[in-house]
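Listed below, chain by chain, are the residues.
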Amino acid sequence: VTGARAREQVRVTGVVQGVGFRPFVHRTATALGLSGFVLNDRHGVLAEVEGDARAVDEFARRLVEDAPPRAVVGEVRRRPTAPTGERGFRILASLPAGGDAPRTPVPPDTALCADCRRELFDPADRRYRHPFITCTACGPRFTIVERLPYDRPHTTMASFELCPACRREYDDPADRRYHAQPLCCPACGPRLSLRRSDGSGVDADDDASLRAAVADLWAGRIVAVKGLGGHHLAVRADDPAAVERLRARKRRGDKPFAVMVRDLDVAHRLAHLDDPEVEALDSPAAPIVLVRRRGAPRPGVVVAEQVAPASPLLGLLLPYTGLHHLLLADGPPALVMTSGNLAGEPIVHDDRDACDRLLGDLGDTLLTHDRPIRVPCDDSVVRVVDGAVVPLRRSRGYAPLPVRLPVPVPPTLAVGGDLKAACCLATGRDAWMSQHLGDLQGPAALDALERTVATMSSFHHIDPRRTVADRHPRYLGARWAHRRDPATVAVQHHRAHIASLLAEHGVGPAVAVCGVAFDGTGFGDDGTVWGGEVFAGTVGALRRVGHLAPHRLPGGDAAVRHPARVAVSLLLDAGLALTDDLAPVAALGDDLAVVVRQLEAHSHCVPSSSMGRLFDAVASLTGLRHEVTFEAQAAVDLEAAAASWDGPTPRYRFEVDDTLVASPHDLLREIVTDLRRGVAVAAVAAGFHRAVADLVAVWADRVGLEVVGLSGGVFQNAVLTSAAVRCLRRAGHRVLTHRVVPPNDGGLALGQVLLGALGSPSSAR
Ligand SMILES: [Zn+2]
Ligand SMILES: [Zn+2]
């Protein structure tokens, strides 16, 4: 049965370049007996198909339903044209960018696929042990793109000319490497080289370089490894002295290192993993997944205590390039893999920088190659909460996937916060969050911000007409924004957190919400430090309707580093005597007198409604931690204690007054009483978490709106988030939590974009 002959132009938008979409279109059209062509252009993919009218319909249906796994199909628009009698189906060269704004997203980098992994370890395959093996389903994308549209001449692979065998694969529609832009092989691809700090090394020889790197890793040396979006510093995870040396060289304090493990079997030996965690580890984004460490690892694999000192969580990731797979197959089964940089500085991605900065001062050996990294991009970090992946750092594997905004915005740049910085460019209903930029202290970080904004502007052809930044007068990113654009719109930190959550859930200004923002520090409308806030209203008009009763941070930043100081401040406010049996009192020792004097004289005492600091105070009160060397360290300990408790949970309560101000004083007195009675620290920690979850529910109840959003860094806490969501759902609320951008300051810029468009947030008190 044949229908009428038809020809249609079919345009597909979304993430459709660099994901094997044109080969897929070719296969689909050929299978349906259609003729025509397909090409990439600045809007996405354009095809024309001609043949049986019903086959054309079927073609349009399959484009959506059978799209390649890494594609994100936006719109499919069809326009009938006159049949030309064309024969055969062809893939045509990309149309150049230019003219009006292109909207084609660059795809993220993707972990090595199962097919390529099989070939990598198959001695009969011509890419056996080829570190740069890749196909249309996997490999580098974002980090090699020079400009759009995404095509080999526009990537850092442009200088590697395809050999005849690779060229055949590239041109063969039946091959799974058909038009795979980073395609290469041992004959035509990049080459590994190795440098040692003593001047020895290997030049342009994959096998010899790998053998030397593997030997150095086994010997406990620190090896800088050039990866997709930058350099890692790698060291065997079971060698305490080697890990300690890396920690000292990076000046990293106690902050846990991530560990790359050979395979899931090794991961299971080191940590308790549930199915969603396994899925996250093994996903194409291959992020670092924070998982619960086993008390006693199973035999066969050891991770030295120095990798994550006293931490109940371990950040694990699987190898995601051919090079990583080879290193872990031949080398130690578990490697510390940390960004190649000093603590807080941007990741090193430039080859000259790598030689200067990574060899000697930080690393003993540099394993490098001759494919440049165009866009630096750190590993992403996620955590699974109640079975769902929550991003804690959204970078490699996710950036630069766009986020669909609930309302259109003019071309906007939002610079985010100073810590865990990420910026955002947006226009219309599309927003592109940048990769993770680190902390903005230091000139190198501001340069990275500047370069990222330039790269993103050119990728997405956005010339921002509006700039949005945090209201904090001392944020370096905000100052940078004001220098660039004196008309920069300043928005309040915690409203931006709530707005980022609403943005990722597509909640626009038609819906009034109750938003709870808990974090460590943010600049409030009244110039004090906020961080335990509840808002009500629509996204552009979020009124602060309640908050945690302000406490004082004696010594300002010193109080952030010393939770014992905050604990003492709160104990005094709660009317408790500072007796020696109280852990923070004992911990402060001689400093106690200084802190008390500061509090009595109200000098250097910053008022704050920060929930993060209250978590710190309770961690100190329970004797878990009195001093921190990285953000949220005390809160992580308190959460771990709470998670370990399975007995009856004590009931503590915040007092909430008519103006929705919540005082923790009763709660602190009860906790002190319980600790003196010998109630287990884990039970107290669990009781405190439950009290905070109850507080969220009480606030939501008083505000009386159906939709409740939870944002801010404190909601990285799985015990708290899970308890709060449970309480709220039981009370009939629809609860929003983060799935796309981090609840911490890494998601801030997305909210800033929305607030920049939807009104003057500082006037909406
Ligand atoms: Zn592959
Ligand atoms: Zn080749």
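Reading the values: the criteria
Numbers given for residues are sequential positions, taken from 1 along each chain in its written order. Think of it this way: whatever chain is written first is A, whatever ligand is written first is 1, and the rest follow in order. Residue-level local features of this predicted model are given only where pLDDT is at least 70; pairs of side-chain atoms are given and counted only at 80 or more, and the full residue set underlies all totals for whole chains, interfaces and linings. For side-chain calculations, the full set of non-hydrogen atoms in the structure is used, while hydrogens and water are omitted. By definition, any uninterrupted DSSP run of H or I lasting at least four residues is a helix, any uninterrupted run of E lasting at least two residues is a strand, and each is numbered from the N terminus. Based on C-alpha atoms, the radius of gyration is set beside the globule rule, defined as 2.2 Å times the residue count to the power 0.38. Note on exposure labels: buried denotes an accessible area under 20% of the residue type's maximum, exposed denotes more than 50%, and partly exposed covers the range between, all computed with a 1.4 Å probe on protein chains only. Methods summary: accessible areas were calculated by the Shrake-Rupley approach with a probe of 1.4 Å, and residue burial reflects only the protein chains presented. For the charge count, each Lys or Arg is scored as positive and each Asp or Glu as negative, with His and the chain ends excluded. Lysine's charge is taken at NZ, arginine's at CZ, aspartate's at CG and glutamate's at CD. In this listing, donors mean N, O and S atoms no farther than 2.8 Å from the metal, or 3.2 Å for Na, K and Ca; water is missing from the atoms, so a site can look incomplete. Every geometry call rests on angle ranges, with four donors termed tetrahedral when all angles are between 85 and 135 degrees, four termed square planar and six termed octahedral when opposite donors are over 155 degrees apart and all others are between 65 and 115, and everything else termed irregular. We treat two strands as partners when DSSP finds at least two bridges between them. In this analysis, axes come from line fits to C-alpha atoms, helices being fitted only over the stretch in contact, and the angle between any two N-to-C directions falls in the range 0 to 180 degrees. Whether two residues touch is decided by their heavy atoms; if any such pair falls within 4.5 Å, the residues are in contact. Among buried residues, those of type Ala, Val, Leu, Ile, Met, Phe, Trp, Tyr and Cys that are joined through side-chain atoms within 4.5 Å constitute a nonpolar core. A right-handed crossover is one whose linking path, passing over the helix from the first strand to the second, runs clockwise when the strands point away from the viewer. Each crossing is labelled by how the near helix is turned from the far one, with a counterclockwise turn of less than a right angle marking it left-handed and a clockwise turn marking it right-handed. When residues are grouped by polarity, Ala, Val, Leu, Ile, Met, Phe, Trp, Tyr, Cys and Pro land in nonpolar, Asp, Glu, Lys and Arg in charged, and all others, Gly among them, in polar. Take the residue count of a helix, subtract one, and multiply by 1.5 Å to get its expected span. Polar contacts here mean pairs of N or O atoms no more than 3.5 Å apart (in protein, one a potential hydrogen donor and the other a potential acceptor; neighbouring residues in sequence count only if both atoms are side-chain atoms).

Visitor: Explain the overall build of the chain to me, please; I cannot follow it from the model alone.
Guide: A count of helices and strands for the chain gives 23 helices and 30 strands. Since a compact globule built from 765 residues should have a radius of gyration of about 27 Å, the 27 Å found for the chain is in line with a globular shape. Principal-axis analysis of the C-alpha atoms places the extent of the chain at approximately 90 × 60 × 50 Å. By residue count, 61% of the 765 residues in the chain fall in the buried class. A total accessible area of about 27,900 Å² is found for the chain, and carbon and sulfur atoms account for 50% of it. Side chains of the chain give 89 positive and 90 negative charges; the mean places of these two sets differ by 3 Å.

Visitor: I tried to follow the coordination of the zinc ion (ligand 2) on my own but got confused; where do I start?
Guide: Geometry reference: four tetrahedral donors at a metal, ideal angle 109.5 degrees. Six octahedral donors, ideal angles 90 or 180 degrees. Ligation of the zinc ion (ligand 2) by protein atoms is provided by C163 (SG), C166 (SG), C185 (SG) and C188 (SG), these donors lying 2.2 to 2.3 Å from the ion. Here the zinc ion (ligand 2) binds four donor atoms, and the angle range of 103 to 116 degrees at the metal identifies the geometry as tetrahedral. In the primary sequence, the donor residues of the zinc ion (ligand 2) line up as C-x2-C-x18-C-x2-C. With C166 in helix 4 (residues 164–171) and C188 in the loop between helix 4 and strand 6 (192–196), this residue pair connects regions lying 22 residues apart in the sequence. A relative accessible area of 8% places C188 in the buried class.

Visitor: What is the right way to read the coordination of the zinc ion (ligand 1) from this model?
Guide: Distances from the zinc ion (ligand 1) to its protein donors, C113 (SG), C116 (SG), C135 (SG) and C138 (SG), fall at 2.3 Å. Around the zinc ion (ligand 1) sit four donor atoms; with metal-centred angles ranging over 105 to 116 degrees, the donor geometry is tetrahedral.

Visitor: Hey, could you run me through the sheet that holds strand 5 (residues 89–91) in this one?
Guide: Backbone-to-backbone hydrogen bonds join strands into a sheet, with any given pair of strands oriented parallel or antiparallel. Read from one edge of the open sheet, five strands run 4-1-3-2-5, paired in mixed fashion. Across the chains shown, the open sheet's two edge strands, defined by having one partner strand only, are strand 4 (72–81) and strand 5. Shown here is a sheet whose adjacent strand axes are inclined to one another by a mean of 15 degrees, direction ignored. Strand direction decides the pairing type here: strand 2 (residues 35–41) and strand 3 (residues 44–52), joined by seven bridges, are antiparallel. Note on strand 3: the bridge partner recorded for F37 is E48. Taken strand by strand, helix 2 (residues 53–65) contacts strand 1 (5–15), strand 3 and strand 4, and its axis lies near 150 degrees from that of strand 3.

Visitor: Sorry, what's going on with the nonpolar core here?
Guide: One broad trend across soluble globular proteins is that nonpolar side chains are buried collectively. By size, the foremost hydrophobic cluster in this structure holds 68 residues, and its most contacted members are F518, M611, F654, F688 and L710. Among the nonpolar cores identified, the runner-up in size contains 52 residues, and F132, C138, L194 and L335 belong to it.

Visitor: It is not clear to me how the pairing of strand 29 (residues 707–711) should be interpreted in this structure. Could you clarify?
Guide: Two faces make up the sheet, and in a regular strand the side chains alternate between them. In terms of residue burial, strand 29 counts as a mostly covered element, since five of its five residues are buried. Both faces of strand 29 are covered, namely the face carrying V707, G709 and S711 and the face carrying V708 and L710. Here strand 29 runs beside strand 30 (residues 734–736); their pairing, made up of three bridges, is parallel. Looking at strand 30, one finds that G709 is bridged to L736. Regarding the hand of the β-α-β motif, the stretch spanning strand 29, helix 22 (residues 718–730) and strand 30 is right-handed.

Visitor: Sorry, what's going on with the side chain of T452 here?
Guide: Secondary-structure assignment places T452 in helix 11 (residues 443–460). Taking the relative accessible area as the measure of exposure, T452 reaches 7% and is therefore buried. In this view, T452 contacts C423, S434, Q435 and L437; residues no more than four positions away in its chain are not counted.

Visitor: I tried to follow the packing of helix 1 (residues 21–31) against helix 2 on my own but got confused; where do I start?
Guide: A pair of packed helices can be characterised by two numbers: the angle between their axes and the separation between those axes. Two elements in contact, helix 1 and helix 2, have axes separated by 10 Å at closest approach and are oriented at 145 degrees. The two elements helix 1 and helix 2 meet at a crossing, and its hand is right-handed. Between helix 1 and helix 2, the contacting residues are F21, F24, V25, T28 and A29 on the first element and F59, R62 and L63 on the second. Of the residues contributing to the contact of helix 1 with helix 2, the split by class is six nonpolar, one polar and one charged.

Visitor: Can you walk me through helix 22 in this structure?
Guide: Owing to its 3.6 residues per turn, the α-helix aligns residues three or four sequence positions apart on the same side. Given a rise of 1.5 Å per residue, 13 residues ought to cover 18 Å, and the 18 Å separating the end C-alpha atoms of helix 22 matches this to within 8%. Of all the positions in helix 22, only A718, L720, T721, S722, A723, A724, V725, C727 and L728 are classed as buried. Two or three places before V719, at the opening of helix 22, N717 has a side-chain oxygen 3.1 Å from that residue's backbone nitrogen. Looking at the residues trailing helix 22, positive phi occurs at G732, about 90 degrees.

Visitor: Can you help me understand unusual backbone geometry in this one?
Guide: Excluding glycine, most residues fall at negative phi; most peptide bonds, likewise, are trans. Between A399 and P400 the backbone carries a cis peptide bond, its omega angle lying at 5 degrees. The topology assignment puts P400 in the loop between strand 17 (388–393) and strand 18 (402–414). The phi angle at A204 is positive, at roughly 45 degrees, despite the residue not being glycine. In this structure, A204 sits in the loop between strand 7 (201–202) and helix 5 (206–218). Overall, the relative accessible area of 43% leaves A204 in the partly exposed class.

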